[in-house]
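# A closer look at the structure
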Amino acid sequence: INEDGTNLNSLYSFINDGDTGNSPGYAPVGSLLQSNNGKLYGACHDGGHHHSCCIFSFDPITNSYSDLYDFDITHGDYPLSGLVESSNGNLYGVASAGGTSLVGVLYSFDPSTNTYTDLYEFEGINGAQPIGHPICLSNNKLYGMTNVGGSNAFGVIYCYDIASNTYSDLYDLTGIGGSGSWGSLLQANNGLLYGMTMRGGTDSLGVIFSFDVSSNTYTVLHNFNGTNGSGPSGSLIQLSNGKLAGMTMTGGLNNLGVIFTFDIGTNDFSSVHDFNSSTGSTPWSEFKEDGNGILFGSTSNGGQSGNGVIFKYDLSSNNYSDIFDFN
């Protein structure tokens, strides 16, 4: 699709085969990852030959789709996010179910050999149901969050050392300090990690937090209260001006979500747009900045047909535009 919303081209249509077990995957989740080899990689949370989801690739040069690996429950099931690439060329991701304890796994995938490896199986007490994909830092370690589990059952922040194959539960969420995360962490230019929880906090509507990996220090920076948004389900991004930006799924003037910015220097939070049913509502994802202060994103509902929209938001003018309506 062009940046002005014209010329939308459908490149590949996912196939739901019913119960035949021959689908190459359908119901894709999370963002696509463009690997260093030029191909796009993602995950589906249904389909595959075991009806237990799959990892796929898409070649944007030839428009060819390939089902690369089918999950089998024993080694993971039901991924709800995409993948991340490390400097070793491997891709990493999480499945929210499956494994020995049936509460999720952390896995790697080698795109050169199409080899899947179940690296770590969550057990509950050290985290369960990871949803957002991990991020890979320059120290060759993966960092991520789980939706539940941990000593308080509200989720954990974890680390996985790729070199030593060692998993560490770094912090157990407390509920009042946040509970449950559906998104991924972000490393900002100050070196700290930032994230959001869907629940917990002062009003039980979610929080924005920072995490210092050098001291394992967790700090609540903002409590959502409904008026300024609630239930953030995606991930934060850092803008070219240094601020963070994100979206909530609910809350705001119409209880259909908001776009917000957060200044990590002053801890100043600003709700800059209230979603509505006519031009897009209930965003589940994160957006991208084009480098010129324009954010592009999508919503799961709203628009002319109620099936969601692609939108752009101009940070300098605070102008929101619905540029394409799904039908």
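Structure report, in brief. For clarity, every value in this text was computed on a predicted model and none was experimentally measured. (Residues numbered from 1 in each chain as written. Predicted model: local features only at pLDDT ≥ 70, side-chain atom pairs only at ≥ 80, totals over all residues. Heavy atoms only, no water.)

## Overview of the overall build of the protein chain
What counts is decided by this rule: Helix and strand assignments come from DSSP, with helices taken as H or I runs of at least 4 residues and strands as E runs of at least 2, each series counted from the N terminus. In this treatment the radius of gyration is a C-alpha quantity, and the globule benchmark scales as 2.2 Å times the residue count to the 0.38 power. Under the scheme applied here, a residue whose accessible area is under 20% of the maximum for its type counts as buried, over 50% as exposed, and between as partly exposed, the area being computed with a 1.4 Å probe on protein chains only. Contacts are assigned to residue pairs with any non-hydrogen atoms lying within 4.5 Å of each other. In this count, Lys and Arg are taken as positive residues and Asp and Glu as negative ones, while His and the chain termini are left out. Every charge is mapped onto a representative atom, which is NZ of Lys, CZ of Arg, CG of Asp or CD of Glu.
For the protein chain, the helix and strand inventory stands at 0 helices and 24 strands. Rg of the C-alpha trace for the protein chain: 19 Å, near the compact-globule value of 20 Å for 327 residues, within the 12% margin. Seen through its principal axes, the protein chain has C-alpha atoms that stretch 50 × 50 × 35 Å. Within the span of the protein chain, comprising 327 residues, buried residues form 52% of the whole. Counted over contacts in the protein chain with a minimum sequence separation of 6, partners at least 24 positions apart contribute 38%. Seen as two clouds, the 6 positive and the 29 negative side-chain charges of the protein chain have centres 7 Å apart.

## Regarding the sheet that holds strand β16 (residues 217–223)
For clarity, the threshold we go by: Only when DSSP finds a minimum of two bridges between them are two strands counted as paired.
Ordered in space as β13-β14-β15-β16, the 4 strands form an open sheet in which the pairing is antiparallel. Every interior strand has two partners, whereas the edge strands, β13 (186–187) and β16, have only one. As paired elements, strand β14 (residues 193–197) and strand β15 (residues 207–212) share 5 bridges and run antiparallel to each other. Bridge pairing in β15 links G195 to F209.

## Concerning the state of the cysteines
Short version of the rule: The definition used for a disulfide is geometric: two cysteine sulfur atoms within 2.5 Å.
Summed over all chains, the structure comprises 0 disulfides. Between C44, a free cysteine, and C54, which holds the nearest cysteine sulfur, the sulfur-to-sulfur gap is 4.1 Å. Looking at C54, the relative accessible area reads 0%, which means it is buried.

## Points about the sheet that holds strand β1 (residues 26–34)
Selection criterion: Under this scheme, a helix contributes an axis fitted over its contacting stretch, all axes are lines through C-alpha atoms, and angles between N-to-C directions fall in the 0 to 180 degree range.
One open sheet accounts for 4 strands, arranged β1-β2-β3-β4; its pairing is antiparallel. Either end of the sheet is taken by a strand with one partner, and the two such strands are β1 and β4 (64–70). The sheet shows a mean angle of 25 degrees between the axes of neighbouring strands, taken without regard to direction. Of the pairings in the sheet, the one linking strand β2 (residues 40–46) to strand β3 (residues 54–59) comprises 5 bridges and is antiparallel in character. Across the sheet, the residue bridging to G42 is F56, located in β3.

## Quick word on a nonpolar patch on the surface
Defined as follows: Within the patch definition used here, like charges are joined within 9 Å and nonpolar side chains (Val, Leu, Ile, Met, Phe, Trp, Tyr) within 5 Å, considering only residues with over 30% relative accessible area and no salt bridge. The accessible surface values rely on the Shrake-Rupley method and a 1.4 Å probe; as for residues, cover is taken only from the protein chains in view. Salt bridge criterion: a side-chain nitrogen from Lys or Arg within 4 Å of a carboxyl oxygen from Asp or Glu.
On the surface, a cluster of nonpolar side chains totalling about 250 Å² of accessible area is made up of I1, L8 and F326. The residue L8 is located in the segment before β1 in this model. We classify L8 as partly exposed; its relative accessible area is 42%.

## Describing the packing of aromatic side chains
Applied cut-off: Pairing of aromatic rings covers Phe, Tyr and Trp, the last counted by its six-membered ring, and requires centre-to-centre distances within 6.5 Å; plane angles under 30 degrees mean stacked, over 60 mean edge-to-face, and any other angle means tilted.
One pass over the full model with this rule turns up 26 aromatic pairs. When the centroid spacing of 5.6 Å and the interplanar angle of 25 degrees are considered together, the rings of Y158 and Y167 count as stacked. The burial state of Y158 is the same as that of Y167; both residues are buried. Summarising the aromatic geometry, the rings of F209 and Y218 are spaced 4.7 Å apart at their centres and angled 25 degrees between planes, so their arrangement reads as stacked.

## Quick look at unusual backbone geometry
Phi at N63 is positive, roughly 55 degrees, even though this residue is not glycine. Relative to the assigned elements, N63 resides in the loop between β3 and β4. The partly exposed category is assigned to N63, whose relative accessible area is 37%. Backbone geometry places N140, a non-glycine residue, at a positive phi of 65 degrees. When you line up the elements, N140 lands in the loop between β9 (135–136) and β10 (141–145). Taking relative accessible area as the criterion, N140 reaches 24% and is therefore assigned partly exposed.

## Some words on the environment of V272
Summarising the element assignment, V272 is placed in strand β20 (residues 268–274). A relative accessible area of 26% places V272 in the partly exposed class. In this structure, the C-alpha to C-alpha distance between V272 and L315, residues 43 residues apart in sequence, is 8.9 Å. Discounting chain neighbours no more than four positions away, the residues touching V272 are I259, F260, T261 and Y313.

## Considerations on the pattern of salt bridges
Scanning the model with the defined rule gives 1 salt bridge in all. The shortest N-O distance in the salt bridge between K288 and E286 comes to 3.8 Å.

## Considerations on the side chain of T261
With respect to the helices and strands, the residue T261 is situated in strand β19 (residues 258–263). Here T261 falls in the buried class, since its relative accessible area comes to 10%. Here T261 is in contact with L239, L244, A245, D268, F269, S270, V272 and L315, once residues within four sequence places are set aside.

## Comments concerning the environment of L193
Tracing the backbone through its elements, the reader meets L193 in strand β14. On the basis of relative accessible area, L193 is assigned to the buried category, the value being 0%. Linking L193 and V213, residues 20 residues apart in sequence, is a C-alpha distance of 7.5 Å. Those residues in contact with L193, other than ones at most four positions away along the chain, are I135, L137, Y143, L185, L186, Q187, F209, S210, F211 and V213.

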